[in-house]
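Next come the chains, spelled out residue by residue.
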Amino acid sequence: MLKFFIRAIFFAVLVFGLIAFSSRLFLNKEKLQSIKSKELRSDREDIGIAFFGSSHAYTTFDPRVFENEIKVKAFNYGAPLQNLMVTLPVAEEVITKRNIRLGVVDIFQSTIVEPPLTERAAAFQYGTLDYMDLSLDKVEVHNRLYGKQKLLNVFPAIREHALWKERFFQPGFALNRDDDYYRGFKTQMYFDKKSWEKNTRDKDTFAAPQLIQSEKLSEGQKEVIDDIIGLFREKGVPLVFVSAPIHRRYMNDKYFTYLELIKAHFKEKGVAFIDYNALWDELNLHLYDFADISHLNSSGALKVSGHLANYIKTRFIGMEDPQVPNDKKLKANRYYHIDTGFKHVLGHQRITNNSISEKTGILEIAVFKDAYDRLEIVLIGDRLKDIQLKVSYEVPLHETRNIPPSVRNRIDGNTYVQRASLPDLKQQSTYTGFKYHGKEFKVVLADCPFTEISGLRISVGDSGPATRVFTLDHLQLKESLPTILP
Amino acid sequence: MLFNSLDFAIFFPLVFTLYWVVAKNKTARNSFLLVASYFFYGWWDWRFLFLIAISSLVDYIVGYMLYQTGQARRRKILLGISLLVNLGFLCYFKYTNFFIETFVDSFRLFGKSLEVSTLNIVLPVGISFYTFQTLSYTIDVYRKQLKPTKDILSFFTFVAFFPQLVAGPIERASHLLPQFYKTYRFNYALVKSGLLLMAFGLFKKMVIADRVAILVNQVYNNPQEYHGYETIVATVFFAFQIYCDFSGYSDIAIGIGRTMGFDLMKNFDSPYFSKSITEFWRRWHISLSTWFRDYVYIPLGGSRKGEGRTYFNLFAVFLISGLWHGAAMTFIIWGAIHGLIIVLEKAVVPIRAYAYDSLSVNRDSFSNKLFFAGITFFIVCVSWVFFRANSLKDAFSILSNSLVDNYEGLYYGGLFKLGLDPVEFWVAMVAIAVLLLFDLFHKKKAAIQWLSAQNMVFRYFVYVCIVFVILIFGVYGDMAPTEFIYFQF
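Here is what the cut-offs are and how they apply
Here the residue numbers are simple positions, counted from 1 along each chain's written sequence. Written order determines the labels here, with chains lettered from A and ligands numbered from 1. Only residues with pLDDT of at least 70 are given local features in this predicted model, and only at 80 or more are side-chain atom pairs given and counted; all residues enter the totals for whole chains, interfaces and linings. The basis for every side-chain value is the complete set of non-hydrogen atoms in the structure, without hydrogens or water. Runs of H or I in DSSP of at least four residues are treated as helices and runs of E of at least two as strands, each being numbered from the N terminus. Here the radius of gyration uses the C-alpha set of atoms, whereas the globule reference equals 2.2 Å times the residue count to the power 0.38. The cut-offs for exposure are 20% and 50% of the maximum accessible area for each residue type, with area from a 1.4 Å probe on protein chains only; residues under the lower value are buried, those over the upper are exposed, and the others partly exposed. Note on contacts: a residue pair qualifies if any of its non-hydrogen atoms lie within 4.5 Å across the two residues. Accessible areas in this description were obtained via Shrake-Rupley with a 1.4 Å probe; residue shielding takes into account the shown protein chains only. In this analysis, strands are considered paired if DSSP registers two or more bridges between them. Definition of nonpolar core: a set of buried residues of the types Ala, Val, Leu, Ile, Met, Phe, Trp, Tyr and Cys, connected through side-chain atoms within 4.5 Å. Two parts placed together each lose some accessible area under a 1.4 Å probe, and the buried area is that loss summed for both. What counts as a salt bridge is simple: a side-chain nitrogen of Lys or Arg found within 4 Å of a carboxyl oxygen of Asp or Glu. Polar contact criterion, stated in full: a pair of N or O atoms within 3.5 Å, where within protein one must be able to donate a hydrogen and the other to accept it, and residues adjacent in sequence count only if both atoms are side-chain atoms. Here, expected helix span is obtained from the residue count minus one, scaled by 1.5 Å. Centres within 6.5 Å make a pair out of two Phe, Tyr or Trp rings, where for Trp the six-membered ring is used; the pair is then stacked when the planes are under 30 degrees apart, edge-to-face when over 60, and tilted otherwise. Per-residue confidence from the predictor is reported as pLDDT, a score between 0 and 100. In the cavity and pocket records, a cavity denotes points on a 1 Å grid over the protein atoms alone where a 1.4 Å probe fits but cannot get out, a pocket denotes an open set with protein on both sides within 12 Å along at least 5 of 7 lines, and lining residues are residues with an atom within 4 Å of a point. Grid points are joined across faces, edges and corners, and a volume is the space filled by probe spheres set on the points. Each residue gets one of three labels, nonpolar for Ala, Val, Leu, Ile, Met, Phe, Trp, Tyr, Cys and Pro, charged for Asp, Glu, Lys and Arg, and polar for the others, Gly among them. Where each domain starts and ends comes from a domain assignment, either automatic or drawn from a database. Think of each axis as a best-fit line through the C-alpha atoms, taken over the contacting stretch in the case of a helix, with angles from 0 to 180 degrees between the N-to-C directions. For classification, angles of less than 35 degrees are called roughly parallel, those exceeding 145 degrees roughly antiparallel, those between 65 and 115 degrees roughly perpendicular, and all remaining angles oblique.

Draft legend 1. Broad picture of the overall build of chain A. The number of helices and strands found in chain A is 17 helices and 19 strands. Taking 23 Å as the expected radius of gyration for a compact globule of 486 residues, we find that chain A reaches 24 Å, a close match to that expectation. Expressed as a percentage of the 486 residues in chain A, the buried residues total 55%. In chain A, the share of contacts with a sequence separation of at least 24, taken over all contacts with a separation of at least 6, comes to 74%. Put simply, chain A shows about 21,700 Å² of open surface, and 51% of that area lies on carbon and sulfur atoms.

As structure tokens, this is what we get:
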């Protein structure tokens, strides 16, 4: 009998281990959980700053800025509608396993909602739970959110088993998609006038939000906030609470009231809290810094991240990671390249043709590889105008067999061609421009899932990509960081 | 509690472990099994535990008194009490509304309408099964084929034994009851084979039955919209759905019993390889068909009272069997079809023998077996239409729609527009093929014994594969387990 029970326990452990191990196969490879899980598992090094919170967090706090400004490794653990109740075990795991030196938790009304959560809100918590390792804390919070009947749902392999077809055969290519992440931060968020107008038609007038006197933080809400504070204090890790800005025209009374209540609670507890909604003017936020009424786009994120980085730099001395800067690790960090004058990129060219510079505003072009096997082409100038751009290169045909259709469709013969239109801010269309340390830049991503390419050409113009401004005969992309300065 | 639920996944290991802790002490073990069985049943609705307890108590007392008395009249009265109580419960809970509806409908045939409303009665899960099980005890004692037990604890545990309480196999007291008097020693091989049988049962239920059910439900719930190959495929799939659903449950029940040292009777024996309906009933729901044989067919006279009476008895047994399955005309017609075919098969035995001899046909040839297995499967499928259809009207719609020629739709992927996409459809087909191969293979050599003879690495690999096949290909939406079809009977 003993032999049986020992074997049964061994078998149960084996099965549960395999279920836990195989669970990552069942995550949607195009979604945040899968991408973050992959990033977290491929890099088990310590993290200096960890960000927690909802989509407000992962669209606002850009780790690239913190890496470049503070020289510290950062990761954004934000996930859709992440409730602070779920943040707590994640933060505990991260503090323990990644030795973080600072925690930043985004907070607003929706992240402190008490259970029972709505079905939608409860479902979204998997966005966070899925990148936690299996632990008693995880099981406990899962049980609290979903009940014991759904306990096995803690394993994506069981919860998502019916989607095995989609997930097993889903290509892992991260090319040409909207959901790109850099250490958990969603990098491709833009202002789109059409969608903005569509979603905001009914709100043309601005009225300052009013405090609702009857609203109070419940004991449960205070408890979950205090638990987070207690956790960080217990572990001796500094903590900053923040609230990412939403468009001020759309801040309602309840949202505003809760911010005030939260602010008062933090004051009472002596915890740092930055409400970025109150810093609208200081940050010079603009309509074009938003993707929608409650989420910043990449441009707005750059502004807020810059501000927070500066705050951390001045308040938390000694955050620098001795291993950063490291050329190898920062090769995909555009801010690092901008700050270092593009010394460590695949290619860099100053525009010598004055008429092109006058028409487009471009003074420099730099090319480097991003985190997803793409060429990131950065166009820099003092005041960038309408730009039409064409990127082309010759592909190694023997490597085209396993590339995704989206890339294959752009290949004509043996030449990959991509055109892009980067309109001026004034056109109020899909705006893709940024400002960093006084330089204005725009970015174009060109798929490049190859180990080497030849004949890289970039042409630009205002009404069409008329003039070739960049040429590279050969590029070895598998190498860690070739430096070619033509 | 369902075998395919998380509740049971927690309940069973606990019960199994505690059972073997107390197994050496017969009283403690039976007490524990009784509490566990009542807990298992009460998880669904504790109020109906009283029905089981009353039924058990009545039959225990009746059995005891039957043994004490030799008076024929008194014995008949005692048997009558048992039948009245048990069948009374069954009739009230299962057939009251059916009789009211039939009564009202019969008036409607004559142009009269009656304003009688049906009663709001909840059918206690498994009542048809445990009623028959406990009746078998009283009848066997009445017939003096079984000595009644004095051990009330064993008797109550026999009636409520949780593995087979709600959907069989319907055990005979003479087979199962003595097993509660024994003490068992932990048998590693037996436990392992029981667990494998449970896994195979879960595979049948979760991978095949619940998957093909998606297609079957879509077609059978909208019978007017489907024709030709669509209704035919749905009917064939239902044949496998009900087989996998019910035999899956039986496998799990037998497997659970085996892990605790109990031997529950075999309920299915590759029924779709039968070459006649008579043979089908020797392989399908064996515990029920033998129950009807012993407690209905034989008391009616069996084959001892002439040819005509034999045919009548056979037909009557299948009509009752249909009614046992469900209180609806569709089930009665299903029973009638089987009864009619069995009568016909019996009637043409001499003609068949003459034909075989005249045409020099080898009865054991593969082609002959295949031909008759095909015919039998076809008849079984036609009868399943009545079994599955939501009403008589729907059943006739399905049958008439099946004759419509729409086979060109197959070229345009029509097969995959019935609720299962191509991959799911082919998963179902492969799983059914695996099942049939297993049935075939198992007949020649016990698969579990074969597996036990392999080396440990291979065995563990197979075990893990079985678990993962069930977990990944099983149909269990949002952790809500699907009920077994026979729970409604």
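The rest of the description comes next.
Draft legend 2. Representation of unusual backbone geometry. All names here are of chain B. For K144, which is not glycine, the phi dihedral falls at a positive 60°. Within the fold, K144 resides in the loop between α5 (127-142) and α6 (152-160). Assessed through its relative accessible area of 63%, K144 is described here as exposed. The phi dihedral of H285 is positive, around 45°, even though this residue is not glycine. Positionally, H285 belongs in the loop between α10 (277-283) and α11 (286-297).

Draft legend 3. Focus on the sheet that holds strand β15 (residues 415-422) of chain A. Residue and element names in this part refer to chain A. As summarised here, the arrangement of the five strands in space is β14-β15-β13-β18-β19, forming an open sheet in which the pairing is antiparallel. Strands with a single pairing partner mark the edges of an open sheet, and in this sheet they are β14 (411-412) and β19 (467-476). Where strand β13 (residues 387-394) and strand β18 (residues 452-461) come together, six bridges link them in antiparallel fashion. Bridge pairing links S392 to R457 in β18.

Draft legend 4. Structural context of the nonpolar core. Residues and elements named next belong to chain B. Counting 156 residues, the largest nonpolar core has F8, F237, Y272 and W384 as its most contacted members. For this core, the element with the highest residue contribution is helix α9 (residues 229-259), accounting for 16 residues. Those residues in contact with W384 that sit more than four places away from it in its chain are F238, A239, I242, Y272, F280, W284 and W334.

Draft legend 5. Inspection of the interface of chain A and chain B at higher detail. Each side of the interface is counted separately: chain A has 24 residues, and chain B has 29 residues. Of all residues in chain A, F4(A), H161(A) and W164(A) bury the most surface against chain B, accounting for 26% of the area lost on that side. Notably, a salt bridge pairs D421(B) with K165(A), separated by 3.4 Å at the nearest N-O pair. Our count for the contact surface shared by chain A and chain B stands at four residue pairs in polar contact (both at pLDDT 80 or more). Of all the secondary structure elements, the ones that give two or more residues to the side of chain A that touches chain B are α1 (2-22) and α10 (164-168) of chain A. Tallying contributions element by element places α1(A) first for the side of chain A that touches chain B, with 11 residues.

Draft legend 6. Quick peek at α1(A). For α1(A), spanning 21 residues, the distance from its first C-alpha to its last is 30 Å, which sits close to the expected 30 Å at 1.5 Å a residue. Tucked into the core, α1(A) has its buried residues touching α9 (156-159) of chain A together with α1 (6-22), α8 (188-220) and α19 (456-473) of chain B.

Draft legend 7. Fine view of the packing of aromatic side chains. All names here are of chain B. Within the structure shown, the criterion is met by 89 aromatic pairs over all chains. Between F39 and W43, the aromatic rings sit 5.4 Å apart at their centres with planes inclined by 45°, giving tilted as the arrangement. Here F39 and its partner W43 are both found in helix α2 (residues 26-45), four residues apart, which amounts to about one turn of the helix. Owing to a relative accessible area of 40%, W43 belongs among the partly exposed residues under this scheme.

Draft legend 8. Quick peek at the confidence of the model for chain A. Mean pLDDT over chain A: 84, with 92% of residues reaching 70 or higher. Segment residues 480-486 of chain A: pLDDT under 50, and 22 contacts once partners within four positions in sequence are set aside and those in other chains are kept.

Draft legend 9. Structural context of empty space enclosed by the protein. All names here are of chain A. Scanning the entire structure with this criterion turns up three cavities of 30 Å³ or more. In this model, the largest cavity occupies a volume close to 130 Å³. Taken together, L40, R41, R44, Y77, V90, E93, V94, K97, R98, Y131 and D133 make up the lining of the largest cavity. Those elements that place two or more of their residues in the lining of the largest cavity are α2 (32-42) and α5 (84-98). Top element by residues in the lining of the largest cavity is α5. It accounts for five residues. Its residues assigned to classes, the lining of the largest cavity comprises five nonpolar, no polar and six charged.

Draft legend 10. View of the domain arrangement of chain A. Domain annotation of chain A identifies domain 1 (24-315) and domain 2 (334-476). Taking only C-alpha atoms into account, the centre of domain 1 of chain A sits 31 Å from that of domain 2 of chain A.

Draft legend 11. Representation of the side chain of E93(A) in the model. With respect to the element layout, E93(A) can be found in helix α5. If near-sequence neighbours (up to four positions away) are discounted, E93(A) is found in contact with R98(A), Y131(A), M132(A) and D133(A).

Draft legend 12. Summary view of the sheet that holds strand β10 (residues 347-350) of chain A. Residues and elements named next belong to chain A. One open sheet accounts for five strands, arranged β10-β11-β12-β17-β16; its pairing is antiparallel. Taken across any chain shown, the strands that pair with only one partner, and hence form the sheet edges, are β10 and β16 (433-436). Along the sheet, successive strands turn relative to each other by an average axial angle of 25°, direction set aside. Bridge analysis of β16 against strand β17 (residues 439-447) gives four bridges, and the strand direction is antiparallel. Of the residues in β17, the one forming a bridge with F434 is F441. Where helix α14 (residues 298-315) meets the sheet, it contacts β16 and β17, and its direction lies at approximately 15° from that of β16.

Draft legend 13. Highlighting α14(A). All names here are of chain A. In this model, α14 (18 residues) spans 25 Å end to end at C-alpha, consistent with the 26 Å of a helix rising 1.5 Å per residue. Those residues of α14 that fall on the buried side of the exposure criterion are S298, S299, G300, A301, L302, V304, S305, L308, A309, Y311 and I312. Between the side-chain oxygen of the N-cap and the backbone nitrogen of S299 there are 3.0 Å, and the N-cap of α14 in question is N297.

Draft legend 14. Representation of the packing of α9(B) against helix α15 (residues 366-388) of chain B within the structure. Residue and element names in this part refer to chain B. As a packed pair, α9 and α15 sit with axes 9 Å apart at the nearest point and diverge in direction by 85°. Relative to α15, α9 is oriented roughly perpendicular. For the pair α9 and α15, contact is made by T235, V236, F238, A239, F240 and I242 and by F377, C381, W384, V385, F387 and R388, respectively. Each residue belonging to the contact of α9 with α15 can be placed in one class, and the counts come to 10 nonpolar, one polar and one charged.

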